[in-house]
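Reading the structure
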Amino acid sequence: MTVVAARALAKEYDGHAVVDGVDLAIEPGECFGLLGPNGAGKTTTLRMLLGLTHPSAGELTVLGHAVPEQARAMRARVGVVPQTDALDPDFTVRENLLTWASYFGLEQGIGPRVDEMIGFAALQGREGAGVAALSGGMRRRLSLARALINDPELVVLDEPTTGLDPQARQHIWQRLRRLRDDGRTLILTTHYMEEAERLCDRLAIVDGGRIVAEGRPRDLIARHIEPCVLELRGGAAWQWGRGEGMALAARSEDVGDTLLLYAHDDSELLAALGAAPTIEYLSRRANLEDVFLRLTGHDLRD
Amino acid sequence: MARPDQLLPVPSLRFVPVWRRNLRVWRKLMVPSVLGNFGEPLLYLFVFGYGFGRLVGEVERMPYMDFLASGIVCSSIMMTASFEALYSAFTRMHEQQTWTNMLNAPLNVDDIVLGEIAFAATKGAFSGVAILVVATLAGFVAGPAALWVLPMMLLIGLCFASLAMVVTAIAPGYDFFLYYFTLILTPMLLLSGVFFPLSELPTVVAGIAHLLPLANAVAIVRPLMTGTVPADVLLHLSVVIAYGAAAWVFATHRLRRRLAS
């Protein structure tokens, strides 16, 4: 059974289309990424998936429940990790988990599950600590643990690692991979392309309320971007790029102070640069960020 | 999930975990909360009642302290429930994002509103009970008929919690609550027969006062506490219930739009 099936999903605010005809089919056990610049309609799409806001048009089922009509029954089977940790500041770690469980009608015999989740979040020994005493990484882990209290089939994460240090982020990634290995379906939004590339089986890039590209990260890169990229910065490199470089590249892009050269094969470019040792450059593989910027543009969104 | 344009709330027992969440927090902050809730009404009762009561002597053929005690029970429920459903609820809605968060669980806006109203009413009733106990110990209460006041306390609490929830639903910020206090609650406190009988007011003003929910609450609670049988119980009950029910419907409707659009 398809976990999320959306057809022509749309949401208007005061005649302005924030989500404008989104089709989604997310399969069980998948990690699906929703990428897009700020204001692209990601959050509104997630809110519609969770039954928190009524679509203006379109059809939507999540875990077989018609949404928003049967949103309550659906949310009983879903875990949500919101963007801001939104933990209860009046409660300790343990009380946060117990209170959250009570919202699901889970109270009798929930103790062992709470202990298990404290272990999952690596918060043993901190059960009695207040939320204010936790680091950012611990709070995010607690948010994740809380979202799992009801053993959800689908976990929705809104920017799960924003604001975390690299260690904390690695830790969250491990936990997310473990969830996927358990057979749970994950939907996540992120601004970190490298995160999406690592975690997501499939992703959709959203802009202007529409899906502008969808597929496996590797396929998206192959479909939209030449595999080799040269980044040239500074006066001399720029000069060289505008002349000799562009002649050898398949495509170029001028991004503020940086010139990007794209090539199917960069051996000629690298050979030419070898003959000009003063020029500083960065040679790398094409990545998801290139796809993202190509499809959504380089302009600031807010 | 109810459609945003649906008029009536959809009550469900799911409000209980919301109520219990607040109760859990309240138990932690019991001491300052108790001081805040009972300190002021008790000061009114004893200081104001003692000083003023000596000047007045009897009111409506009863000692002023007996007259005042029943009024203070009602006004204390009103104030406690209002504070909770205004400042505390707004903090949970706006500052702490507690409600937004709850909506990610299988709870709806309707459950949250009902849970918050029920909790504010509980707190209000609790303060009413505390004052009733103190007033009984001090000898201001006539007899066991006053036990009938207990269910009435919950009803008064529900009424004022619902009214305050309407204000919370439309408030852009904390400052907005001052309008409610200055324009509604304080005039109601002074015009509802808490401190002096409505019969002392000019006819027109008294006529308006009879429409106020607090005046109708006092009209039931005072006879029960002072050992007489209340008159027109059904009428007074209906007024209190009507205010509460209308406010509950309106607050739910507004908050659905505010939280779920």
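Please read these numbers as outputs of a predicted model, since none were measured by experiment.

**Some points on the overall build of chain A**
Of the regular secondary structure elements, chain A holds 11 helices and 14 strands. The principal-axis extents of the C-alpha atoms in chain A amount to approximately 75 × 45 × 35 Å. In chain A, buried positions account for 53% of the 302 residues. Residue pairs at least 24 apart in sequence account for 68% of intrachain contacts in chain A once pairs closer than 6 positions are excluded. Put simply, chain A shows about 12,900 Å² of open surface, and 48% of that area lies on carbon and sulfur atoms. Both charge centroids of chain A, one from 33 positive and one from 44 negative side chains, sit 4 Å from each other.

**Some thoughts on the overall build of chain B**
If you tally the helices and strands in chain B, you get 10 helices and two strands. Traced from its N-terminal end to its C-terminal end, chain B shows the element sequence α-α-β-β-α-α-α-α-α-α-α-α. Computed over C-alpha atoms, the radius of gyration of chain B comes to 19 Å, within 12% of the 18 Å expected from 2.2 N^0.38 for 261 residues, which places it in the range of a compact globule. Overall, chain B is about 60 × 40 × 35 Å in size when its C-alpha atoms are taken along their principal axes. The burial tally for chain B puts 52% of its 261 residues in the buried class.

**So, the domain arrangement of chain A**
By domain assignment, chain A separates into domain 1 (4-217) and domain 2 (226-285). Using only C-alpha atoms to locate each centre, domain 1 of chain A and domain 2 of chain A end up separated by 40 Å.

**What to know about a nonpolar patch on the surface**
Residue and element names in this part refer to chain B. Together, Y44, F48, F52, L55 and V56 make up a nonpolar patch on the protein surface, roughly 460 Å² of accessible area in all. Positionally, L55 belongs in helix 2 (residues 30-56). The exposure class of L55 is exposed, given its relative accessible area of 71%.

**Observations concerning helix 1 (residues 42-49) of chain A**
Residue and element names in this part refer to chain A. Taking burial as the measure, the eight residues of helix 1 include six buried ones, the bulk of the element. Those residues of helix 1 that sit buried are K42, T44, T45, L46, M48 and L49. Remark: G51 follows helix 1 within two positions and exhibits a positive phi of approximately 75 degrees.

**A closer look at the packing of helix 6 (residues 149-170) of chain B against helix 7 (residues 176-191) of chain B**
Residues and elements named next belong to chain B. With their axes 10 Å apart at the nearest point, helix 6 and helix 7 run at an angle of 150 degrees to one another. Relative to helix 7, the element helix 6 is oriented roughly antiparallel. Helix-helix and strand crossings are classified by hand; for helix 6 and helix 7 the assignment is right-handed. Between helix 6 and helix 7, the contacting residues are F160, L163, A164, V167, T168 and I170 on the first element and F176, F177, Y180 and M188 on the second. Among the residues forming the contact of helix 6 with helix 7, the class breakdown is nine nonpolar, one polar and no charged.

**Looking at the packing of helix 1 (residues 15-28) of chain B against helix 5 (residues 109-137) of chain B**
Residues and elements named next belong to chain B. Between helix 1 and helix 5, whose axes approach to 7 Å, the crossing angle comes to 45 degrees. Relative to helix 5, the element helix 1 is oriented oblique. Of the two elements, helix 1 crosses helix 5, and the hand of that crossing is right-handed. Only D111, I112, L114, G115, E116, A118, F119, T122, K123 and F126 of helix 5 make contact with helix 1, whose side of the interface consists of F15, V18, W19, N22, L23 and W26. Partitioned by chemical class, the residues of the contact of helix 1 with helix 5 number 10 nonpolar, three polar and three charged.

**What to know about the pattern of salt bridges**
As enumerated under the stated definition, the model contains 27 salt bridges over all chains in all. A salt bridge links R140(A) to D85(A); the shortest N-O distance between them is 2.8 Å. A residue pair is termed long-range when its members are at least 10 positions apart, and R140(A) in helix 5 (residues 136-147) and D85(A) in the loop between strand 6 (78-81) and helix 3 (93-103) qualify at 55 residues. Put simply, E95(A) and K28(B) hold a salt bridge, and the shortest N to O gap is 2.7 Å. Placement of the pair is E95(A) in helix 3 and K28(B) in helix 1, with the two residues belonging to separate chains. Overall, E95(A) belongs to the partly exposed group, its relative accessible area being 22%. Relative accessible area serves as the criterion here: at 41%, K28(B) is assigned to the partly exposed category.

**What to know about the packing of aromatic side chains**
As enumerated under the stated definition, the model contains 20 aromatic pairs over all chains in all. With a centroid separation of 5.7 Å and 65 degrees between ring planes, the pair formed by F52(B) and Y64(B) is classed as edge-to-face. Pair noted here: F52(B) is in helix 2 and Y64(B) is in helix 3 (residues 64-95), with a separation of 12 residues, a long-range link. Residue classification places F52(B) among the partly exposed positions, given a relative accessible area of 36%. Taken together through their ring pairs, the aromatic side chains of Y44(B), F48(B), F52(B), Y64(B), F67(B) and F195(B) make up a single cluster. The ring of Y192(A) has R169(A) lying over it, and the distance from NZ or CZ to the ring centre is 4.1 Å.

**Re the sheet that holds strand 14 (residues 281-285) of chain A**
All names here are of chain A. The four strands are arranged 12-13-11-14 in an open sheet whose pairing can be described as antiparallel. With one partner strand each, in any of the chains shown, strand 12 (251-255) and strand 14 form the two edges of the open sheet. The average angle at which neighbouring strand axes cross in this sheet is 20 degrees, direction not considered. Pairing of strand 12 with strand 13 (residues 258-263) involves five bridges; the strand directions are antiparallel. Note on strand 13: the bridge partner recorded for V255 is T258. Sheet contacts for helix 9 (residues 235-248): strand 11 (228-233), strand 12 and strand 13; angle to strand 13, the most-contacted strand, approximately 25 degrees.

Here is what the cut-offs are and how they apply
Residues numbered from 1 in each chain as written. Chains lettered and ligands numbered in written order. Predicted model: local features only at pLDDT ≥ 70, side-chain atom pairs only at ≥ 80, totals over all residues. Heavy atoms only, no water. Helix = DSSP H or I, 4+ residues; strand = E, 2+ residues; numbered from the N terminus. Buried < 20%, exposed > 50% of the residue type's maximum accessible area, 1.4 Å probe, protein only. Contact = heavy atoms within 4.5 Å. Areas by Shrake-Rupley, 256 points an atom, 1.4 Å probe, with all protein chains shown as cover. Lys, Arg positive; Asp, Glu negative; His and termini not counted. Charge placed at Lys NZ, Arg CZ, Asp CG, Glu CD. Rg over C-alpha atoms; globule rule 2.2 N^0.38 Å. Domains from an automatic or database assignment. Patch = residues over 30% accessible without salt bridge, like charges linked within 9 Å, V, L, I, M, F, W, Y side chains within 5 Å. Salt bridge = Lys/Arg side-chain N within 4 Å of Asp/Glu carboxyl O. Axes fitted to C-alpha atoms, helices over the stretch in contact; angles between N-to-C directions. Parallel < 35°, antiparallel > 145°, perpendicular 65-115°, else oblique. Left-handed = near helix turned anticlockwise from the far one by under 90°. Nonpolar A, V, L, I, M, F, W, Y, C, P; charged D, E, K, R; others polar. Phe/Tyr/Trp six-rings, centres within 6.5 Å; stacked < 30°, edge-to-face > 60°. Lys NZ or Arg CZ within 6 Å of the ring centre and 35° of its normal. Pairing = 2+ DSSP bridges.

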